[in-house]
Amino acid sequence: LAQEIVTASSQIPHEVIGKKLEILGSSLVTDPRISAVLANILQEDCYLYSNRDKNEVLRLRAFGFAVLAKIGVPITTVPQIVAELSYAHKAYPYASAARAAGMVKGYESIFVPLLLRAFTPQIMDDEMSLERYDPDFPPPERTTARVEALRALGKFGDKAMASVAVLTEVINDNKISE
């Protein structure tokens, strides 16, 4: 299924590809070979994106991060996670990369400062679901870029202690919207 997704023609609607990604993510299979194949979806030149609308590419790629966070994030995807956390301005790709970052061990010192971007005006904090590709979702699935950044920081434990001072300042400045 992962190979089928990565090599899908641009003639296949993005909603169909998104549904296949959902199936793969809900299977909770943690086979590194499947994750390695699916990791190709994070490459901006992935065949799947040929002749697709920019917003479709953004959504498919972002959902790829979220699915990898469920089935296993290959270390080879760290550069794509770093790039997304460094340069994304939209909540969906940032939040999904934050979720993936939280599943990778050994790169906490790189990820922590990038996860703190979620608390700056650079990142929109729209509500979304990373559980399904469909933009309509039930309230229990609701998350935001800030929530995903906090979850990732929480997984890092003591390695995220450097973020405490910044988060305390954000709270004190009332920059977190309700």
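One can find the structure itself at the top, above this paragraph.
The structure reproduced in this document is the subject of the present report. (Residues numbered from 1 in each chain as written. Predicted model: local features only at pLDDT ≥ 70, side-chain atom pairs only at ≥ 80, totals over all residues. Heavy atoms only, no water.)

**Some points on the pattern of salt bridges**
At step 1: On inspection of all chains with the given rule, the structure shows eleven salt bridges.
At step 2: Across the salt bridge formed by Lys 70 and Glu 131, the nearest N and O atoms sit 3.1 Å from each other. Of this pair, Lys 70 sits in helix 4 (residues 54–71) while Glu 131 is found in the loop between helix 7 (108–115) and helix 8 (145–156), placing the two residues 61 residues apart along the sequence.
At step 3: Overall, the relative accessible area of 31% leaves Glu 131 in the partly exposed class.
At step 4: For Glu 131, the salt bridge goes to Arg 99, with nearest N and O atoms at 2.8 Å. Here Glu 131 is found in the loop between helix 7 and helix 8, whereas its partner Arg 99 is found in helix 6 (residues 91–101), with 32 residues between them in sequence.
At step 5: What makes Arg 99 buried here is its relative accessible area of 15%.
At step 6: Salt bridges linked by common partners bring Lys 70, Arg 99, Glu 131, Glu 148 and Arg 151 together as one network. (Salt bridge = Lys/Arg side-chain N within 4 Å of Asp/Glu carboxyl O. Helix = DSSP H or I, 4+ residues; strand = E, 2+ residues; numbered from the N terminus. Buried < 20%, exposed > 50% of the residue type's maximum accessible area, 1.4 Å probe, protein only.)

**Examining the environment of Leu 38**
At step 1: Within the element layout of this structure, Leu 38 appears in helix 3 (residues 32–38).
At step 2: Using a relative accessible area of 0% as the deciding quantity, one classes Leu 38 as buried.
At step 3: The spatial distance from the C-alpha of Leu 38 to the C-alpha of Ala 145 is 23 Å, given a sequence separation of 107 residues.
At step 4: Setting aside its immediate chain neighbours within four residues, Leu 38 contacts Ala 2, Ile 5, Val 6, Leu 21, Leu 24, Val 67, Leu 68 and Ile 71. (Contact = heavy atoms within 4.5 Å.)

**Remarks on the packing of helix 6 against helix 8**
At step 1: Running from N to C, helix 6 and helix 8 cross one another at 15°; their axes reach a closest spacing of 8 Å. It follows from the interaxial angle that helix 6 and helix 8 lie roughly parallel. Where helix 6 crosses over helix 8, the two elements pack in a sense that is left-handed. Contacts between helix 6 and helix 8 involve Ala 91, Tyr 94, Ala 95, Ala 98, Arg 99 and Ala 101 from the former and Ala 145, Glu 148, Ala 149, Arg 151, Ala 152 and Phe 156 from the latter.
At step 2: Residues belonging to the contact of helix 6 with helix 8 are distributed by class as follows: nine nonpolar, no polar and three charged. (Axes fitted to C-alpha atoms, helices over the stretch in contact; angles between N-to-C directions. Parallel < 35°, antiparallel > 145°, perpendicular 65-115°, else oblique. Left-handed = near helix turned anticlockwise from the far one by under 90°. Nonpolar A, V, L, I, M, F, W, Y, C, P; charged D, E, K, R; others polar.)

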